[in-house]
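Residue-level structural notes
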Amino acid sequence: MKNKIEHSKFDVENIRKDFPILSRKVNEKQLVYFDNAATSQTPQVVIDAIVDYYSNYNANIHRGVHTLSQEATDKYETARQKIQEHFNAKERHEIIFTSGTTHSINLVANGFASILKPEDEIIVSALEHHSNIVPWQMLCEKTGAKLKVIPMNQSGELVMADFESILSNQTKLVFVNHISNALGTINPIETIIEMAHQVGAAVLIDGAQACPHIKPDVQALNVDFYVASAHKMCGPTGVGMLYGKEEWLNKLPPYQGGGEMIAEVTFEKTTYANLPHKFEAGTPNICGGIAFGTAIDYMNTIGFDTIATYEEELLVYATHKLLEIEGLKIYGTSKYKTSVISFNIENIHPYDIGTIVDKLGIAVRTGHHCAQPIMDFYNIPGTVRASFSFYNTKEEIDTFVNAVKRAAKMLT
Ligand SMILES: *Cc1c(COP(=O)(O)O)cnc(C)c1O
């Protein structure tokens, strides 16, 4: 054994060569990137796909007869097919390109504004990201519908008995994230979907935090809507997806008006284009969509089982090492969680720890992680959050733990 620390068979050193940014220095120290839950890093193949688009076939899609436009259209639609296959959607037109998870959620919320009545209810979970709370509050204001919340417990898990008691025939929609970005909890979405369907409610799952770790099967889940962002799964920013069951997408009105989304326009009446174009007004992020497809290919080449096994190893190792630090408390201790560790050290503000470890080249997130209700629940201003990806190593975790120890010593 050359290394003092043993890794699984997974060849992380080789994988790291795919990510140019991982070799840079920050504050004269080797970068340790542990902010993967905010955005993932980008492998060379995805960077190449972006450069290739702008170097060789940049053109607007769908409308052109010329060669470049056809090439761009083919690549864009091939990317849609890759997304369809990855999520196992039944139809390719059930995949809508969006600018990301937030856009996807707003698209669905806007659609339900024309469906909901004042006596209807929407259920969200206490573990939501702000982007999964605000659109529903706006929808309730517009329609008069009521917002109900599935509470959480100290371990950062949803209280399913309480979900059962707030679920009723008035429930029209249930919105839960697959994995919490603040705590890493994996929610029991299979059960949630089944229970919601029993009262006739539709379910939207926010998969932004799950898709870097898990390969969801939307047909097996029988979920009505599933959303994700490319930038959390090795793709570029500004592009994401919405999966919707065909019958739901046909029921919802378009979100934005414009080019691409119409079949026929006169000043008297406009008829909308078929799916998916009905929801894709204007020129989309063509390059981003294509690079999203490349990112999905890249992750599938590594394999989601391999990723899950290795990240679990990192999570267990880091949890164990961090808990050796005196006064350190981890928030989110569910048995079912991904490689996210949110923590605080007694009497030290998370921001101060974040600032000191940055000086040592380490990127972590501090604050409320767009999930203020969770912080309120624990009665804390925020946490330090370290989130690991398959390209991180145990050596990096050692560097991080030593840096946290140093910070704790300086701040107490
Ligand atoms: C990151 C994240 C979002 C928001 O994604 P955007 O790409 O910023 O739109 C929503 N929900 C969860 C759980 C997230 O982790």
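The structure displayed is predicted, hence computed values, not measured ones.

1. As for unusual backbone geometry
The bulk of non-glycine residues show a negative phi, and the bulk of peptide bonds are trans. Cis rather than trans, the peptide bond between Leu275 and Pro276 has omega equal to 0°. Phi is positive for Asn88, which is not a glycine, with a value near 55°. Considering the arrangement of structural elements, one finds Asn88 in the loop between helix H3 (67–87) and strand E4 (95–98).

2. Observations regarding the sheet that holds strand E16 (residues 365–367)
With antiparallel pairing, the four strands of this open sheet are ordered in space as E13-E14-E17-E16. Strand pairing shows two members of the sheet lacking a second neighbour, strand E13 (328–331) and E16, which therefore form its edges. Sheet twist, expressed as the mean angle between neighbouring strand axes with direction ignored, is 30°. Pairing of E13 with strand E14 (residues 340–345) involves four bridges; the strand directions are antiparallel. Following the sheet pairing, Leu328 is matched in E14 by Ile345.

3. Things to note about the sheet that holds E4
With respect to topology, seven strands assemble into an open sheet ordered E4-E10-E9-E8-E7-E5-E6, the strand pairing being mixed. Strands at the two margins of the open sheet, each flanked by one partner only, are E4 and strand E6 (146–150). Within the sheet, the average angular offset between the axes of one strand and its neighbour, ignoring direction, is 20°. Against the sheet, helix H5 (residues 134–143) contacts strand E5 (121–125), E6 and strand E7 (171–177), and its axis sits at roughly 150° relative to E6.

4. Side note on empty space enclosed by the protein
All chains considered together, the criterion is met by two cavities of 30 Å³ or more. Within this model, the largest cavity holds a volume of roughly 110 Å³. Contributing to the lining of the largest cavity are 18 residues, with Asn36, Pro212, His213, Lys232 and Ser389 lying nearest its centre. Partitioned by chemical class, the residues of the lining of the largest cavity number nine nonpolar, seven polar and two charged. Both domain 1 (12–43 + 304–411) and domain 2 (47–300) contribute no fewer than three residues apiece to the lining of the largest cavity. Space inside the second largest cavity adds up to approximately 30 Å³. Along its surface, the second largest cavity is lined by Ile61, His62, Tyr76, Glu260, His277, Glu280, Gly282 and Pro284.

5. Here we look at the site of the ligand
The environment of the ligand is made up of Thr101, Thr102, His129, Ser131, Asn181, Asp206, Ala208, Gln209, Ser229, His231 and Lys232. Contacts to the ligand include Thr101, whose backbone N or O atom sits 3.5 Å from an oxygen atom. His231 places a side-chain nitrogen or oxygen 2.8 Å from an oxygen atom of the ligand. When the free accessible area of the ligand is taken as 390 Å², the share hidden by the protein chains comes to 86%. Among the residues making up the shell around the ligand, the classes are represented as one nonpolar, eight polar and two charged.

6. Quick word on the pattern of salt bridges
Within this structure, the stated rule accounts for 11 salt bridges. For the salt bridge of Asp35 with Arg385, the shortest nitrogen-to-oxygen distance reads 3.5 Å. With a gap of 350 residues between them, Asp35 in the loop between strand E3 (32–33) and helix H2 (44–57) and Arg385 in strand E17 (residues 383–387) connect regions that are remote in the sequence. Asp35 gets classed as buried once you look at its relative accessible area, which sits at 6%. The residue Glu77 makes a salt bridge to Arg80 at a minimum N-O spacing of 2.8 Å.

7. Section: the pairing of E6
Two faces belong to every sheet, and in a regular strand the side chains alternate between them. In this structure, E5 lies alongside E6, joined through five bridges in parallel fashion. By the bridge assignment for E6, Ser125 is matched with Ile150. In this view, the connection linking E5 to its parallel neighbour E6 by way of H5 has right-handed handedness.

8. What about helix H10 (residues 286–302)?
With 17 residues, H10 should cover 24 Å at 1.5 Å per step; its first-to-last C-alpha distance of 25 Å lies within 8% of that length. Across the 17 residues of H10, 14 count as buried, placing the element largely inside the fold. Positive phi shows up at Gly303, right after H10, with a value of about 100°.

9. Observations concerning the domain arrangement of the protein chain
Many descriptions give the size of an interface as the accessible area lost when the pieces come together. When its domains are assigned, the protein chain resolves into domain 1 (12–43 + 304–411) and domain 2 (47–300). Computed from C-alpha coordinates alone, the two centres of domain 1 and domain 2 are separated by 28 Å. Across the domain 1/domain 2 interface, buried area totals approximately 3000 Å², and carbon plus sulfur atoms make up 58% of it. Counting across the interface, domain 1 meets domain 2 through zero salt bridges. Put simply, the parts of the chain that give the side of domain 1 that touches domain 2 at least two residues each are helix H11 (304–322), E14 and helix H13 (372–378). Counting residues per element, the side of domain 1 that touches domain 2 draws most heavily on H13, at six residues. For the side of domain 1 that touches domain 2, the class distribution of residues is 21 nonpolar, 13 polar and five charged.

Definitions and cut-offs
Residues numbered from 1 in each chain as written. Predicted model: local features only at pLDDT ≥ 70, side-chain atom pairs only at ≥ 80, totals over all residues. Heavy atoms only, no water. Helix = DSSP H or I, 4+ residues; strand = E, 2+ residues; numbered from the N terminus. Pairing = 2+ DSSP bridges. Axes fitted to C-alpha atoms, helices over the stretch in contact; angles between N-to-C directions. Contact = heavy atoms within 4.5 Å. 1 Å grid on protein atoms, 1.4 Å probe; cavity = no way out; pocket = protein on both sides within 12 Å on 5 of 7 lines; lining within 4 Å. Points joined across faces, edges and corners; volume = space filled by probe spheres on them. Nonpolar A, V, L, I, M, F, W, Y, C, P; charged D, E, K, R; others polar. Domains from an automatic or database assignment. Near = heavy atom within 4 Å. Polar contact = N/O pair within 3.5 Å; in protein donor to acceptor, adjacent residues only side chain to side chain. Areas by Shrake-Rupley, 256 points an atom, 1.4 Å probe, with all protein chains shown as cover. Salt bridge = Lys/Arg side-chain N within 4 Å of Asp/Glu carboxyl O. Buried < 20%, exposed > 50% of the residue type's maximum accessible area, 1.4 Å probe, protein only. Right-handed = clockwise from strand over helix to strand, strands pointing away. Expected span 1.5 Å × (residues − 1). Buried area = accessible area lost by both parts, 1.4 Å probe.

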